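Below, each chain spelled out in residue letters.
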Amino acid sequence: MATKTKAKPIGSMQMTKQMYQQQASKYQPKRNVMLNCFRAFWVGGTICLLGQALQNMYIHFFGFTEKTASNPTVATLIFISVLLTGLGIYDNIGQYAGAGSAVPVTGFANSIASAAIEHRSEGFVLGVGGNMFKLAGSVIVFGVVAAFLAGIIKSVLKMIF
Amino acid sequence: MDSKKQTARISRQTWHFAEDVRVQASAVSVGPKEGEGPLASYFDQIHDDVYVGQQTWEDAERKLMENAVTILLQKASIAEKDVDVILAGDLLNQNITTNFTAEKLAIPLMGMYGACSTSMLTLATAAALVNAGYAQKAIAACSSHNATAERQYRYPTEYGGQKPPSAQWTVTGAGAGLVGIGGEGPRITYATMGKVTDMGIKDPFDMGSAMAPAAVSTIHSHFQDTGRTPEDYDLIVTGDLAAVGYPIVKELMRAQGYAMEDMYNDCGLMIYYPEQEVFAGGSGCASSAVVTYSYIMDQLNRGLLKRVLVCATGALLSPISYQQGNSIPCIAHAVAFEGGI
């Protein structure tokens, strides 16, 4: 503890790290949480609405069932997201919408496509192949681990009751 | 002033250049966004393509530094072989931009790394080498590129993650200055080398708060060592503290009796218009280099500014260090210029 509260010189002043951080935080631009939530809501909602429209289209015009239509729906959304990433548009949507464009499947596709584009200059194997899951990798890892744990809990509960 | 030895070292941090050390010429080469900024008319070369006609962003940054030095040599009407040493640095691993550029120029290289403080680190060292006679002509140069810095420190450029308003926009550009004895151009009179300062800021999207104490430390030492005050300068600039760090420096300096009001500005705030969507402002080696080697040199040469202090600020983090939970060590180096003498 003693080292944590030790004052350090900034010019002729003596300040502890806590004192400085408190003083500096005054100048931190405030994030408008309500506005951010609203933007995330409407952009995220619009992406989901688009997904629903696509699903209905696949059911009504292409003979898919409600269950099987999800595959072409997701594939179409991924295609749109990757295209917008390649055209340099998706990152602007992301800056505006925050979680709204990060959470749906389009955000996942963007994280993979953006890493693949970024590392293209280092070659296909070590560049694209080695780096495209740089950001998405942890989503996959923790997604699988969470699903595994949920599966075990469900199985155990089934055995007990 | 008769003995160089007596006047060269003012203190552990501050050097005085007793010889007539001058920035004899300077040049900058920038990207498109900088070319749309308020200082555009002062830039020697503006590229309308962030790739600068190259295949990769890394090559683009190299081209920017090469171009800055080439234009510098043209402006000074000298050849590569007339330059004894180039002191240069950038933000990429192993200073790679600098290494390739120096190979092409075939000028002896002293590669330096001070993150975004590299502009004044190289210039101060160049002035010291020239003042001491180890070099007759030395070039100080540095570069940064928005896309290469994003890859180096953050996420892929097309990744759609949201950045907080305290984030900064890395300047795409390169600046170079030719240092020599005599001739024309602003004099370099003092340099104050900074100490690493770390006040425990860990957020790499908040470099302004992290670097402000380093700037205060160096500027304060500069005033103490030289006996000067803010009023002795027409302009004092920090390198890239932007909208968050700038008011912190003002407040901390005021609290220590050095009111830096109208004469104080920040290169990260000067290089872009606020409407250019650059979050808190510009950052990167090129922020201070481009502003110093274009606008400030021009104003000094034309006598519109008499005395200027440039304090370049650098966040010495590595991508690994902050992921491991370390705070951001910062540094600032200051160089004092005098025009019209």
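Residues numbered from 1 in each chain as written. Chains lettered and ligands numbered in written order. Predicted model: local features only at pLDDT ≥ 70, side-chain atom pairs only at ≥ 80, totals over all residues. Heavy atoms only, no water.

A. Representation of the overall build of chain A. Scanning chain A from N- to C-terminus turns up eight helices and two strands. In chain A, the succession of helices and strands from N to C terminus is β-β-α-α-α-α-α-α-α-α. Radius of gyration (C-alpha) of chain A: 23 Å, far over the 15 Å computed for a compact globule of 161 residues. By principal-axis analysis of the C-alpha atoms, chain A measures approximately 75 × 55 × 40 Å. (Helix = DSSP H or I, 4+ residues; strand = E, 2+ residues; numbered from the N terminus. Rg over C-alpha atoms; globule rule 2.2 N^0.38 Å.)

B. Representation of the domain arrangement of chain B. All names here are of chain B. Split into domains, chain B comes out as domain 1 (2–181) and domain 2 (187–338). Computed from C-alpha atoms alone, the centre-to-centre distance between domain 1 and domain 2 is 16 Å. Taking both sides of the interface into account, the surface hidden between domain 1 and domain 2 amounts to around 5200 Å²; carbon and sulfur atoms contribute 65%. It is Gln13, Met120 and Gln168 that lose the most area in domain 1 upon contact with domain 2, and together they represent 16% of the buried surface on that side. Summed over the shared surface of domain 1 and domain 2, the number is one salt bridge. A salt bridge links Asp20 to Arg187, with the shortest nitrogen-to-oxygen separation between them at 3.7 Å. Our count for the domain 1 to domain 2 interface comes out at 26 residue pairs in polar contact (both at pLDDT 80 or more). Broken down by class, the residue content of the side of domain 1 that touches domain 2 amounts to 34 nonpolar, 20 polar and ten charged. (Domains from an automatic or database assignment. Buried area = accessible area lost by both parts, 1.4 Å probe. Salt bridge = Lys/Arg side-chain N within 4 Å of Asp/Glu carboxyl O. Polar contact = N/O pair within 3.5 Å; in protein donor to acceptor, adjacent residues only side chain to side chain. Nonpolar A, V, L, I, M, F, W, Y, C, P; charged D, E, K, R; others polar.)

C. The arrangement of the pairing of strand E13 (residues 307–315) of chain B in detail. Residues and elements named next belong to chain B. Within E13, eight of the nine residues are buried, which leaves the element mostly enclosed by the surrounding structure. For strand E10 (residues 235–238) and E13, the ladder comprises four bridges, and the chain directions are parallel. Bridge assignment links Ile236 to a residue of E13, and that residue is Leu309. (Buried < 20%, exposed > 50% of the residue type's maximum accessible area, 1.4 Å probe, protein only. Pairing = 2+ DSSP bridges.)

D. Representation of the pairing of strand E8 (residues 173–181) of chain B. Residue and element names in this part refer to chain B. Counting buried positions along E8 yields eight of nine residues, so the element is predominantly enclosed. Bridge analysis of strand E2 (residues 21–30) against E8 gives nine bridges, and the strand direction is antiparallel. For Val28, the partnering residue across the bridge sits in E8 and is Gly175. As judged from the eight bridges shared by strand E6 (residues 137–144) and E8, these two strands associate in the antiparallel manner. Directly across from Ala141, in E8, lies its bridge partner Ala176.

E. Highlighting the interface of chain B and chain A. Across the contact, 35 residues belong to chain B and 36 residues belong to chain A. Together, Glu158, Gln162 and Met199 of chain B form the three largest contributors to the area buried by chain B at its contact with chain A, with a combined 24%. Along the contact surface separating chain B from chain A lie two salt bridges. Between Arg151 of chain B and Glu122 of chain A there is a salt bridge, with the nearest N and O atoms lying 2.2 Å from each other. Counting across the interface, chain B meets chain A through 23 residue pairs in polar contact (both at pLDDT 80 or more). Of all the elements in the fold, those that place two or more residues in the side of chain B that touches chain A are helix H6 (146–153), helix H7 (207–226) and helix H8 (242–255) of chain B. Here the residues of the side of chain B that touches chain A sort into 18 nonpolar, eleven polar and six charged. (Contact = heavy atoms within 4.5 Å.)

F. Structural detail: the packing of helix H3 (residues 57–76) of chain B against helix H4 (residues 96–105) of chain B. Residues and elements named next belong to chain B. At their nearest, the axes of H3 and H4 sit 9 Å apart, and the two run at 45 degrees to each other. Viewed along their axes, H3 and H4 adopt a mutual orientation that is oblique. Here H3 and H4 pass one another in a crossing that is right-handed. For the pair H3 and H4, the contacting residues are Glu61, Arg62, Met65, Glu66 and Val69 in the first and Thr97, Thr98, Phe100, Thr101, Lys104 and Leu105 in the second. Partitioning the contact of H3 with H4 into residue classes produces four nonpolar, three polar and four charged. (Axes fitted to C-alpha atoms, helices over the stretch in contact; angles between N-to-C directions. Parallel < 35°, antiparallel > 145°, perpendicular 65-115°, else oblique. Left-handed = near helix turned anticlockwise from the far one by under 90°.)

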